[in-house]
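Coordinate analysis (summary)
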Amino acid sequence: MAEGRRGLWYGFAAYGIWGLFPLFWPLLEPAGAADILANRMVWSMVAVALMLLVQRRWAWIRPLLAQPRRLALSALAAAFISVNWGVYIWGVNSGHVVETSLGYFINPLVTIGFGVLVLRERLRRAQWAAVGIGAAAVVVLTVGYGRLPWIALTLALSFATYGLLKKRVALGGPESLALESAAMFPFALAFMGYLAVHGQGSFGRVVPGEYGWGHSGLLILSGVITAVPLMCFGAAAVRVPLTTLGLLQYLAPVFQFLIGVAVFHESMPPARWAGFALVWAALVVLTVDALRRVRADRAAAAAARARVAGADGAAAVTVAGPGGAVPGAAAPGEAPAVTR
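How each quantity is defined
Residues numbered from 1 in each chain as written. Predicted model: local features only at pLDDT ≥ 70, side-chain atom pairs only at ≥ 80, totals over all residues. Heavy atoms only, no water. Helix = DSSP H or I, 4+ residues; strand = E, 2+ residues; numbered from the N terminus. Areas by Shrake-Rupley, 256 points an atom, 1.4 Å probe, with all protein chains shown as cover. Lys, Arg positive; Asp, Glu negative; His and termini not counted. Charge placed at Lys NZ, Arg CZ, Asp CG, Glu CD. Buried < 20%, exposed > 50% of the residue type's maximum accessible area, 1.4 Å probe, protein only. Axes fitted to C-alpha atoms, helices over the stretch in contact; angles between N-to-C directions. Left-handed = near helix turned anticlockwise from the far one by under 90°. Contact = heavy atoms within 4.5 Å. Nonpolar A, V, L, I, M, F, W, Y, C, P; charged D, E, K, R; others polar. Core = buried A, V, L, I, M, F, W, Y, C linked by side-chain atoms within 4.5 Å. Polar contact = N/O pair within 3.5 Å; in protein donor to acceptor, adjacent residues only side chain to side chain.

When helices and strands are tallied, the protein shows 13 helices and zero strands. For the protein, the α and β elements follow one another from N to C terminus as α-α-α-α-α-α-α-α-α-α-α-α-α. Summed over its atoms, the accessible surface of the protein is roughly 17,900 Å², and 69% of this surface lies on carbon and sulfur atoms. For the protein, the centre of its 26 positive side-chain charges and the centre of its 13 negative side-chain charges are spaced 7 Å apart.

The omega angle of the peptide bond from Glu 29 to Pro 30 is 10°, so this bond is cis rather than trans. Despite not being glycine, Arg 56 shows a phi value in the positive range, around 55°. If you trace the backbone, Arg 56 turns up in the loop between α3 (33-55) and α4 (61-65). Within the chain, His 265 stands out as a residue other than glycine whose phi angle is a positive 55°. Counting through the fold element by element, His 265 comes out in the loop between α12 (251-263) and α13 (270-320). Look at His 265 and you get exposed, because its relative accessible area is 62%.

This part takes up the packing of helix α5 (residues 68-93) against helix α6 (residues 97-117). When two helices pack together, their arrangement is given by the angle between their axes and by how far apart the axes lie. Where α5 contacts α6, the axes come no closer than 8 Å and their chain directions differ by 150°. You can see that α5 and α6 cross each other, and the crossing is left-handed. Facing α5, whose interface residues are Asn 84, Tyr 88, Gly 91 and Val 92, α6 presents Val 97, Thr 100 and Tyr 104. Its residues assigned to classes, the contact of α5 with α6 shows four nonpolar, three polar and no charged.

A few words now on the nonpolar core. Counting residues in each nonpolar core, the largest one holds 43 residues, and the members touching the most others are Trp 25 and Tyr 88. Secondary-structure elements contributing two or more residues to this core are α2 (21-24), α3, α5, α6, α8 (150-169), α9 (173-197) and α10 (213-237). Those residues in contact with Tyr 88 that lie beyond four places of it in its chain are Trp 18, Phe 21, Pro 22, Trp 25, Thr 100, Tyr 104, Leu 155 and Gln 256. If you look at the next biggest cluster of nonpolar residues, it comprises 27 residues, including Val 110, Val 116, Leu 123 and Leu 153.

Let's shift gears to the environment of Arg 147. The topology assignment puts Arg 147 in the loop between α7 (125-145) and α8. The partly exposed category is assigned to Arg 147, whose relative accessible area is 26%. Ignoring sequence-local partners within four residues, the contact set of Arg 147 consists of His 96, Glu 99, Leu 141 and Thr 142. Of note is the side chain of Arg 147, whose polar atom sits 2.7 Å from the side chain of Glu 99.

Structural data, given as structure tokens:
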């Protein structure tokens, strides 16, 4: 129970930090989104490499180098997460925090769609209903925004694709981030060098009223705040059930949405409220269905264990013979003991 509580706090920390990201990226202005993204990639690589060095977790590298397919998939995953990061930073710093939160609200629905289209999975009725409600929400939000909510859709599609590729690669969180950061590190560092040569980069520059050493420190910190929640998530994943993590994932977009409305005072006309209400309804349907499925699976597993225990007890009685005492066997009329 203590480990479970600790895992829950790790989960809260991970999703809480991700949910508070919209408060951090504006601190890096007036640097542009591309400049911030390049710094985030470079310093993420440095941060995760130091973490792996401290933990001495290098054994996975050599076997992976002999698997070009996994390396290629990791490089592709790095490209998609770079798109996700770049669009997210630009969206937050250009006044679209609420729409970025929408991207992560609809991400589970997009992931389900990928499961059907790519993995040929069969959906239950509730999942079909959730996807249908989500599609209706996109239509309503398109009307409300007067355009397709491309920021949200790009975030959802890029992150869902990233998740699909990570599933194929099958690496742990820190190892995966290290590999993806390594794939993008040369390009990010070269871009930072290009900006520095042309006097457009912000790292290491001191411009009164714009940049200073504090700004450079925040750019370095962007790598740390990328790696730390991932480590917290990894610690939570081994301590709490996946269903709990599935519920915790909604904390991040909830925090982002509240920050967009309450802190940045972004406009929420009735049509947008209606669209978000449909998205939330779809997520409620999805969550209730998932919880029912988990309970049904647990009941089936418990019944299976009971049948096995009953069969073992009957076999033991048969071997002992009529009237023979069987240690640990249930007396007539008692339920067989089930070891948990």
